[in-house]
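Chains, contacts and geometry: an overview
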Amino acid sequence: MVKEHRCQVVDGASCDPIINTGQKKDGFWARITSQYNNRRGSYLERSFRSLQSRWDTIKAEANKFAGYMADVLRDNPSGMSDADKTSLALANFADIEEYPFIYVHCWDLLKDEPKWMELNLRGAQHGDDDAIADYIPIASNINDDDPGTPSSQYSGSKRPMGRDASKRAAKKSASFSTSDSSQYVSKLQDLSIQKLSIWQEENAKKGSRYEQMAAIDSQRYDELRQHNQHMAAIEEEKLRLMRKKADILQTHKEERILGIDLDKCVPRLRKYYAKKQQEILQNIGANVDDNVDP
């Protein structure tokens, strides 16, 4: 959300412990404008005045809500969780101000900052709006050696890193960057070699599996071809036996017809059997002629 993005940019620019208090108002807002527009993504580009005006509205409403939140925390109703207390403060805000507090997402980012925590602890008072008009969280205004600053007295809060500590951390990080980079590159090389070895082993296993599958497929094909040949031979044998049986039956039929005494048949059957005997004898004669050598 664009409002939340604005709060993140303002908070990030103001909490830089290395720049610390060495930034004037115009420079401070110039940094905020630059960071916002660089990180805005699909949001519209905003000007210096647009961001400053929007922040004035957000901080005024957040400051007002801090008072309601402080009242709830001061009453400390029993049996209520933090979310319940926030809901109660929102209800009180809407009931008294007669409009809802629409910057809850911004409040979630601001409430843990020291200056806003201070408002939560003591409640909003007259002049607080001016006190944070050019809000720079307390992290950029305190001295690491000053134990009396308000931020050091917030129970359960962690003090932000100061300017000197931040500079020392940056120098330490830079001094180890070269050695860390070398170790990182070495580890990457080892991981690459290990990954290549695993890849080669996997390829070898895959190749072996492919060869086994090809051998199995070839064996199955040979078995199927032999089975088909065997079934074809069986079918041919069946056809041969059927033809032989048909020939035997035909021969028996012809022999029966040839054995009929035509003189004992009635005239009508005599003509029929005489014709059949003549056809049979002609076929036998043709077959005999076919089998005789020239």
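How each quantity is defined
Residues numbered from 1 in each chain as written. Predicted model: local features only at pLDDT ≥ 70, side-chain atom pairs only at ≥ 80, totals over all residues. Heavy atoms only, no water. Helix = DSSP H or I, 4+ residues; strand = E, 2+ residues; numbered from the N terminus. Expected span 1.5 Å × (residues − 1). Buried < 20%, exposed > 50% of the residue type's maximum accessible area, 1.4 Å probe, protein only. Arc of directions from axis to C-beta. Patch = residues over 30% accessible without salt bridge, like charges linked within 9 Å, V, L, I, M, F, W, Y side chains within 5 Å. Areas by Shrake-Rupley, 256 points an atom, 1.4 Å probe, with all protein chains shown as cover. Salt bridge = Lys/Arg side-chain N within 4 Å of Asp/Glu carboxyl O. Axes fitted to C-alpha atoms, helices over the stretch in contact; angles between N-to-C directions. Parallel < 35°, antiparallel > 145°, perpendicular 65-115°, else oblique. Contact = heavy atoms within 4.5 Å. Nonpolar A, V, L, I, M, F, W, Y, C, P; charged D, E, K, R; others polar. pLDDT = per-residue confidence, 0-100. Core = buried A, V, L, I, M, F, W, Y, C linked by side-chain atoms within 4.5 Å.

**Notes on helix α2 (residues 25-39)**
- The end-to-end C-alpha distance of α2, which contains 15 residues, comes to 21 Å, matching closely the 21 Å that a straight helix rising 1.5 Å per residue would cover.
- Those residues of α2 that fall on the buried side of the exposure criterion are F28, W29, I32, T33, Y36 and N37. The buried residues of α2 occupy an angular sector of 155 degrees when projected down its axis, which confines them to one face.
- Looking at the residues trailing α2, positive phi occurs at G41, about 65 degrees.

**Considerations on a nonpolar patch on the surface**
- Taken together, the side chains of Y184, V185, L188 and L191 define a hydrophobic patch exposed on the protein surface, amounting to about 390 Å² of accessible area.
- Relative to the elements of secondary structure, L191 occurs in helix α9 (residues 177-258).
- Owing to a relative accessible area of 52%, L191 belongs among the exposed residues under this scheme.

**Some thoughts on unusual backbone geometry**
- The backbone of N76 shows a phi angle near 50 degrees, a positive value even though the residue is not glycine.
- With respect to the helices, strands and loops of the structure, N76 is situated in the loop between α3 (48-75) and α4 (82-97).
- A positive phi is found at E98, a non-glycine position, where the angle reads about 65 degrees.
- Looking at the secondary structure, you find E98 in the loop between α4 and α5 (104-110).

**Focus on the packing of α2 against α3**
- One way to put it is that α2 packs onto α3 with a least axis distance of 9 Å and a crossing angle of 100 degrees. Between α2 and α3, the angle is such that the two are roughly perpendicular. Here K25, D26, W29, A30, I32, T33 and Y36 of α2 lie close against α3, whose contacting residues are F48, L51, Q52 and W55.
- Considered class by class, the residues forming the contact of α2 with α3 number seven nonpolar, two polar and two charged.

**With respect to the confidence of the model for the chain**
- Taken as a whole, the chain shows an average pLDDT of 76; of its residues, 67% reach a score of 70 or greater.
- The least confident element of the chain is helix α7 (residues 128-131), whose mean pLDDT is 47; the most confident is α4, at 91.
- Across residues 126-157 the pLDDT falls below 50, and counting only partners more than four positions away or on other chains, this stretch makes 63 contacts in the model.

**Details of the environment of Q277**
- Within the secondary structure, Q277 sits in helix α10 (residues 267-291).
- Looking at Q277, the relative accessible area reads 12%, which means it is buried.

**Things to note about the nonpolar core**
- Residues W29, F65, A89, F101 and W107 are the most contacted members of the largest nonpolar core, which totals 20 residues.
- Put simply, the parts of the chain that give this core at least two residues each are α2, α3, α4 and α5.
- At nine residues, α3 tops the list of elements feeding residues into this core.
- With residues near it in sequence (within four places) discarded, A89 still touches F65, Y68, M69 and V72.
- Listed in part, the five residues of the second largest apolar core include I257, I260, C265 and Y273.

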